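# Chains, contacts and geometry: an overview
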Amino acid sequence: MSYKIGLFNDSFPPTIDGVANAVKNYADIITEKHGKAVVVTPKYPNVTDDYPYEVKRYLSAKLTSKMPYRVGNPFSPLMVRKLRQENFDLLHVHCPFCSALLAHEITLLDKNAPPTVFTYHTKFDIDIDNFVRNRPINYLGKKLVLKGISYADEVWCVSKGSIESLRALGYRGDVIVMPNGTDFVKGLAEPKMLAEIDRMYLIEPDIPVLLFCGRMMWYKNVKIILDAMKKVADAGIAFKSIFVGDGPDRPAIEQYAKNIGVYDRSIFTGAIYDRDKVKAFFSRADLFMFPSTYDTSGLVVKEAASCYCPTILTKGSCAAEDVTDMHSGILCEENAEDFAAKLSLVLKDRQLLKKIGQGAAEEIYLSWEDSVGRAFKRYEYLIENKNKRP
């Protein structure tokens with residue numbers, strides 16, 4: 001039986017982030033393999049949605065001049081009425097703010113309302129603590145997030161570690177771990193694309209390449225990467241590092257690299273949206289660097305694994321949950337000293353790096369097709385048993 005799934009999120013292309021990427025892949029694969037998907041997201045000016053599924057956008061306003069996100073109006077009676085007429089079989093909410101409020105408006109006072117699933121993608125407790133210093137507002141912010149989550153019939157987390165963040169907000173209900181996947185097919189990019197990277201960035205073919213890919217934010221532990229690179233460089237070990245991505249902290253990160261003397265070994269590409277090009281960077285790299293303890297899942301680790309590229313991670317982080325040290329990844333303490341020691345060890349043995357990369361491909365890789373397939377089986381269970389909800 002074909003089901004219609006409503007996918008609700010506060011971000012979607014043209015805004016690109018990890019959650020928007022997840023929602024897009026859910027919509028793509030549901031449409032291709034399982035049923036019908038409808039994405040519900042705030043409206044952006046001058047955007048044409050050319051997808052094999054419907055994208056329903058509702059009125060929104062710009063958040064701030066520095067942020068690419070827009071705030072939608074979840075209380076529009078016209079939009080609520082239109083969405084109720086869609087007769088969704090299930091609502092899957094990916095953000096606890098406007099998306100959760102809009103989904104709640106649709107199901108409010110409806111005895112036959114479809115079940116609602118909420119996926120907790122982001123450590124909102126850390127975000128709120130970092131950006132909201134006023135204690136009463138901090139408290140209210142966390143309560144708002146918790147309220148948005150509480151509307152759901154079932155809550156999913158993308159990793160075991162993210163459950164701790166959810167509990168820190170005060171959520172005490174049941175949780176199911178439903179990991180995200182990657183849209184990369186397992187295998188290397190075309191050789192001509194790898195050669196183009198070497199040509200464009202003047203990389204010598206035999207030099208080890210270190211890669212970081214993601215938002216250029218200090219909270220990703222980028223300082224640990226740069227300080228470790230400095231120690232490895234001072235030890236006389238050759239390497240080239242590539243930083244793919246953009247973000248508010250990028251100018252400061254580049255300046256810090258200059259200050260400590262590793263900028264000449266580094267390449268900052270800025271944001272790259274072409275997925276084939278991103279895959280080429282993972283394929284060219286000998287090692288992916290991802291010491292972040294902020295991320296709840298670390299999709300980039302699976303992207304690296306798809307290209308047989310091992311990742312160096314922080315012990316105990318969410319991204320390191322399924323990693324076996326020196327077999328499917330490299331684990332270190334959350335400091336530059338240990339990070340540098342592990343870098344030095346593996347850069348001296350590139351055959352070991354290849355062996356670990358093979359282990360990552362076998363044990364860490366998870367496709368979006370498999371990930372959404374698991375999720376859809378759970379959708380079917382919830383839809384078929386919706387009358388048994390408390």
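Above this note sits the structure.
Residues numbered from 1 in each chain as written. Predicted model: local features only at pLDDT ≥ 70, side-chain atom pairs only at ≥ 80, totals over all residues. Heavy atoms only, no water.

## Regarding the pattern of salt bridges
Under the definition given, this model contains 21 salt bridges. Here the salt bridges do not stand alone but share partners, grouping Lys4, Glu54, Lys56 and Glu86 into one network. (Salt bridge = Lys/Arg side-chain N within 4 Å of Asp/Glu carboxyl O.)

## So, unusual backbone geometry
A cis geometry characterises the amide bond from Pro13 onward to Pro14, with omega recorded as 25°. Structurally, Pro14 is set in the loop between strand S1 (4–8) and helix H1 (18–34). One non-glycine residue, Tyr308, adopts positive backbone phi at about 60°. Inspection of the secondary structure assignment puts Tyr308 in the loop between helix H11 (299–306) and strand S14 (311–314). A positive phi angle is found at Met326, which is not glycine, with a value near 65°. With respect to the helices and strands, Met326 occurs in the loop between S14 and strand S15 (330–332). Look at Met326 and you get partly exposed, because its relative accessible area is 28%. (Helix = DSSP H or I, 4+ residues; strand = E, 2+ residues; numbered from the N terminus. Buried < 20%, exposed > 50% of the residue type's maximum accessible area, 1.4 Å probe, protein only.)

## A look at the pairing of strand S2 (residues 36–42)
Within a regular strand, the side chains alternate between the two sheet faces. With six of seven residues buried, S2 is to be regarded as a mostly interior element. Handedness of the crossover joining S1 and S2 through H1: right-handed. (Right-handed = clockwise from strand over helix to strand, strands pointing away.)

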